[in-house]
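Residue-level listing of the chains:
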There are 2 protein chains.
Amino acid sequence: MEQQQIAAYLLKNGIRPLQKRVKIMSYLVSKRNHPTVDMIYNDLIHEISGLSKTTIYNVLNLFVESGVALALNIEGNEIRYDADTSVHGHFKCKVCSGVIDFRIKPEDLPNPGLQGFRIDEEHYYLKGVCAFCISKIEA
Amino acid sequence: MEQQQIAAYLLKNGIRPLQKRVKIMSYLVSKRNHPTVDMIYNDLIHEISGLSKTTIYNVLNLFVESGVALALNIEGNEIRYDADTSVHGHFKCKVCSGVIDFRIKPEDLPNPGLQGFRIDEEHYYLKGVCAFCISKIEA
DNA sequence: AATTAAATTTGTAATCATTACAAAAACATT
DNA sequence: AATGTTTTTGTAATGATTACAAATTTAATT
């Protein structure tokens, strides 16, 4: 997605498409790496001079509140961010710490049967060891 | 469950059933409140004199490693603990911060289709507003 | 292009949960 | 009771996140 499209997408969701916001969203969309704030900072600091970690926190919180990003709490000591807000699952590898998506159909999620509850978010997380790390261990 | 049964359960899982461990497990099992370390500390400090928060952290980490408790990472800023290690889902209310269980059949969880992966843990989290808080808001 | 008011970003300090670590205490075995 | 091991404790360290006020940028107006 181009910066123009990203800007339009942010605007459509009530977010003024300022430069740093566009760059951060662009990073999320293109990398698809479920980054932590630190990962974003370390990657973008070369590209955006004078970028502050606080700004990344501010922008990501805005994205989550506006519904254009998800905050993933797979592990208690870190929040990861995902620009894909459609229903899908996440797997985190204990060895390489990587997080990958897997597709699930919304209708395949089990019915919680919570009468009278309002459900805003659904998160399906798996943890284990990814195929790549298993092959490395066996080798 | 009685202290005796708890002690036997811990022993069966390779955990020496020391007094504080039994009391902490007993708390988890009887309260079923998905507590944070702070909640456990504030409740048990009256009952166990000289209890340290570090001990609670130590014991809970041991429980999780030994497979007799789950660490829930529903929200990024807190870890909650659950002595029910069977497959089930969790709902967290944004208003009252309460966490409740809901039953799901293991076979109803969607197939992630992750070929060659080893899956150790499955977590299904929902967030929203519980029926009780909705009724209070409407009233 | 200069002015201005509002929104955003920055950097530092504060906060909060968790962990590290070494000393003290409890435990189990002889 | 004595001894060696395990556990607990308390304080300090860590690390992620937030608070906040000053500096900067933005967008609209003159």
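What you are looking at is a predicted structure, and each value in this text was computed from that prediction instead of being measured.

Reading the values: rules and limits
- Residues numbered from 1 in each chain as written.
- Chains lettered and ligands numbered in written order.
- Predicted model: local features only at pLDDT ≥ 70, side-chain atom pairs only at ≥ 80, totals over all residues.
- Heavy atoms only, no water.
- Near = heavy atom within 4 Å.
- Polar contact = N/O pair within 3.5 Å; in protein donor to acceptor, adjacent residues only side chain to side chain.
- Helix = DSSP H or I, 4+ residues; strand = E, 2+ residues; numbered from the N terminus.
- Nonpolar A, V, L, I, M, F, W, Y, C, P; charged D, E, K, R; others polar.
- Contact = heavy atoms within 4.5 Å.
- Least-squares fit on C-alpha atoms with pLDDT ≥ 70 in both.
- Axes fitted to C-alpha atoms, helices over the stretch in contact; angles between N-to-C directions.
- Parallel < 35°, antiparallel > 145°, perpendicular 65-115°, else oblique.
- Left-handed = near helix turned anticlockwise from the far one by under 90°.
- Buried < 20%, exposed > 50% of the residue type's maximum accessible area, 1.4 Å probe, protein only.
- Domains from an automatic or database assignment.
- Buried area = accessible area lost by both parts, 1.4 Å probe.
- Salt bridge = Lys/Arg side-chain N within 4 Å of Asp/Glu carboxyl O.

Colleague: Outline the protein's contact with DNA strand C, supporting the account with residue identities and numerical values.
Modeller: What surrounds DNA strand C is a group of 17 residues, the closest being Arg-16, Lys-20, Gly-50 and Thr-55 of chain A together with Tyr-57 of chain B. Sugar plus phosphate: this is where 82% of the atoms of DNA strand C within 4 Å of the protein reside. Between DNA strand C and Tyr-57 of chain B there is a distance of 2.7 Å, counted from a phosphate oxygen to a side-chain nitrogen or oxygen. Of all the secondary structure elements, the ones that give two or more residues to the surface near DNA strand C are helix 2 (19-31) and helix 4 (53-66) of chain A together with helix 4 (53-66) of chain B. In the surface near DNA strand C, the residues fall into 4 nonpolar, 9 polar and 4 charged.

Colleague: Account for the environment of Ser-66 of chain B, with residues named and values stated.
Modeller: Residues and elements named next belong to chain B. Tracing the backbone through its elements, the reader meets Ser-66 in helix 4. Separated by 38 residues in sequence, Ser-66 and Ile-104 place their C-alpha atoms 24 Å apart. Dropping the residues within four chain positions of it, Ser-66 is found in contact with Asn-13 and Ile-15. At a separation of 2.8 Å, a polar atom in the side chain of Ser-66 contacts the main-chain carbonyl oxygen of Leu-62.

Colleague: Can you break down the relation of the copies chain A and chain B residue by residue, with the values?
Modeller: When chain A is brought onto chain B, the operation consists of a screw motion whose angular component is 180 degrees and whose axial shift is 0.0 Å, with 0.0 Å RMSD remaining. One copy is carried onto the other by what is essentially a two-fold rotation axis. Among all residues of chain A, the one whose C-alpha sits closest to the rotation axis is Tyr-124 of chain A, at a distance of 2.3 Å. Most of the interface of chain A is mirrored in chain B: 100% of its interface residues are interface residues there too.

Colleague: Now, about the packing of helix 3 (residues 37-44) of chain B against helix 4 of chain B: what can you tell me, with residues and values included?
Modeller: All names here are of chain B. Close contact between helix 3 and helix 4 brings their axes to 10 Å; oriented N to C, the two are set at 125 degrees. Considering the angle they form, helix 3 stands oblique to helix 4. Considering the relative orientation of helix 3 and helix 4, their crossing is right-handed. Contacts between helix 3 and helix 4 involve Val-37, Asp-38, Ile-40 and Tyr-41 from the first element and Lys-53, Ile-56, Tyr-57 and Leu-60 from the second.

Colleague: Which residues make up the side chain of Asp-84 of chain A, and what values do they have?
Modeller: Residue and element names in this part refer to chain A. Note that Asp-84 resides in the loop between strand 2 (80-82) and strand 3 (88-93). A residue is classified by how much of its surface remains accessible, and Asp-84, at 15% relative accessible area, is buried. At 2.6 Å, the side chain of Asp-84 forms a polar contact with the side chain of Ser-86. Leave out the neighbours within four places in its chain, and Asp-84 touches Arg-32, Leu-70 and Arg-103.

Colleague: Residue-level account of the domain arrangement of chain A, with values.
Modeller: All names here are of chain A. Each assigned domain of chain A is listed here: domain 1 (3-72) and domain 2 (87-138). For domain 1 and domain 2, the distance between their C-alpha centres works out to 23 Å. At the interface, 4 residues of domain 1 touch 7 residues of domain 2. Here domain 1 packs against domain 2, burying approximately 450 Å² in sum over the two surfaces, 62% of which is carbon and sulfur. Taken as a group, His-34, Leu-70 and Leu-72 account for 84% of the area that domain 1 buries against domain 2, more than any other trio of residues on that side. If you look at where domain 1 meets domain 2, you find 0 salt bridges. The interface formed by domain 1 and domain 2 includes 2 residue pairs in polar contact (both at pLDDT 80 or more). Per-class residue counts for the side of domain 1 that touches domain 2 are 3 nonpolar, 1 polar and no charged.

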